[in-house]
Amino acid sequence: MNHPNVVQIIEYFHYHNYLYLMLEEIPGQTLHEMYCEPHFNYLSVVVDIVKQILMALNFCHQKGYAHKGITPQHVMVVKLEQEYSYLVKLIGFGHAQKI
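One structure accompanies this document, and this report is about it.

Reading guide: rules and limits
- The numbering scheme is per chain: residues are counted from 1 as the chain's sequence reads.
- Given that the model is predicted, a residue must reach a pLDDT of at least 70 before its local features are reported, and side-chain atom pairs must reach 80 or more before they are shown or counted; all residues, however, enter totals for whole chains, interfaces and linings.
- Side-chain measures here rest on the full set of heavy atoms in the structure, leaving out hydrogens and waters.
- Note on aromatic contacts: the rings of Phe and Tyr and the six-membered ring of Trp form a pair at centre separations within 6.5 Å, being stacked when their planes are under 30 degrees apart, edge-to-face when over 60 apart, and tilted otherwise.
- Accessibility here uses a 1.4 Å probe with only protein chains present; expressed as a share of the type maximum, an area under 20% marks a residue as buried, one over 50% as exposed, and anything in between as partly exposed.
- Whether a charge sits over a ring comes down to the Lys NZ or Arg CZ being within 6 Å of the ring centre and within 35 degrees of the ring normal.
- A pair of strands is considered paired only if DSSP assigns at least 2 bridges between the two.
- Helix numbers and strand numbers start at the N terminus; a helix is a DSSP run of H or I with at least 4 residues, a strand a run of E with at least 2.
- Nonpolar cores are built from buried Ala, Val, Leu, Ile, Met, Phe, Trp, Tyr and Cys residues. Side-chain atoms within 4.5 Å join them into one set.
- A contact between two residues is defined here by any heavy atoms of the two lying within 4.5 Å.

### Examining the packing of aromatic side chains
Within a pair of aromatic rings, the relevant descriptors are the distance that separates the centres and the angle that separates the planes.
1) Next: Summed over the entire model, instances satisfying the criterion amount to 1 aromatic pair.
2) Next: Centroid distance phenylalanine 13 to tyrosine 20: 5.3 Å. Interplanar angle 15°. Geometry classified as stacked.
3) Next: Its relative accessible area of 44% is what places phenylalanine 13 among the partly exposed residues.
4) Next: Directly above the aromatic system of tyrosine 65 lies the positively charged group of lysine 98, at a separation of 4.7 Å from the ring centroid.

### What to know about the sheet that holds strand 3 (residues 29–30)
The pairing of strands in a sheet comes from backbone hydrogen bonds and takes either a parallel or an antiparallel form.
1) Next: Within the open sheet, the 3 strands sit side by side as 3-5-6. Their pairing is antiparallel. Strand pairing shows two members of the sheet lacking a second neighbour, strand 3 and strand 6 (86–90), which therefore form its edges.
2) Next: Bridge analysis of strand 5 (residues 75–79) against strand 6 gives 5 bridges, and the strand direction is antiparallel. Bridge assignment links valine 77 to a residue of strand 6, and that residue is valine 88.

### Description of the environment of tyrosine 35
1) Next: Tracing the backbone through its elements, the reader meets tyrosine 35 in the loop between helix 1 (31–34) and helix 2 (43–62).
2) Next: Sequence separation between tyrosine 35 and lysine 98 is 63 residues; the distance between their C-alpha atoms is 31 Å.

### A few points about the pairing of strand 1 (residues 9–15)
1) Next: Pairing between strand 1 and strand 2 (residues 18–23): 6 bridges, direction antiparallel. Each bridged residue has a counterpart across the sheet, and for histidine 14 the counterpart in strand 2 is leucine 19.
2) Next: Following strand 1, the chain reverses through 2 residues before pairing antiparallel with strand 2; histidine 16 in that reversal takes a positive phi of roughly 50°.

### Section: the nonpolar core
1) Next: Formed by 16 residues in total, the largest nonpolar core has its most connected members in Leu31, Met34, Ile49, Ile53, Val75 and Val77.
2) Next: Contributing elements (two or more residues each) for this core: helix 1, helix 2, strand 5 and strand 6.
3) Next: Discounting residues that sit within four places of it in the chain, isoleucine 49 has contacts with Leu31, Met34, Phe40, Val77 and Val88.

Here it is as structure tokens:
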């Protein structure tokens, strides 16, 4: 799946009946970690983060997948150069299911 708000799979392989995934590196913090920062209370920041999460979920659903594990620990937040600007990446697809 190729979407700016969904973690990208770089490579995958099977070994002894297990599937291994190599994912993109995301230089940020989880939403859970970010929650403790003082600027997290800004409504515009929260709205933008929620909007990006919903865009990622909508994309996954359109592709026929349900994440089934949305938690603050499964949302990576990358601070961009512009003040109070962030890129959100949905991770943690271990329980995802085809719908």
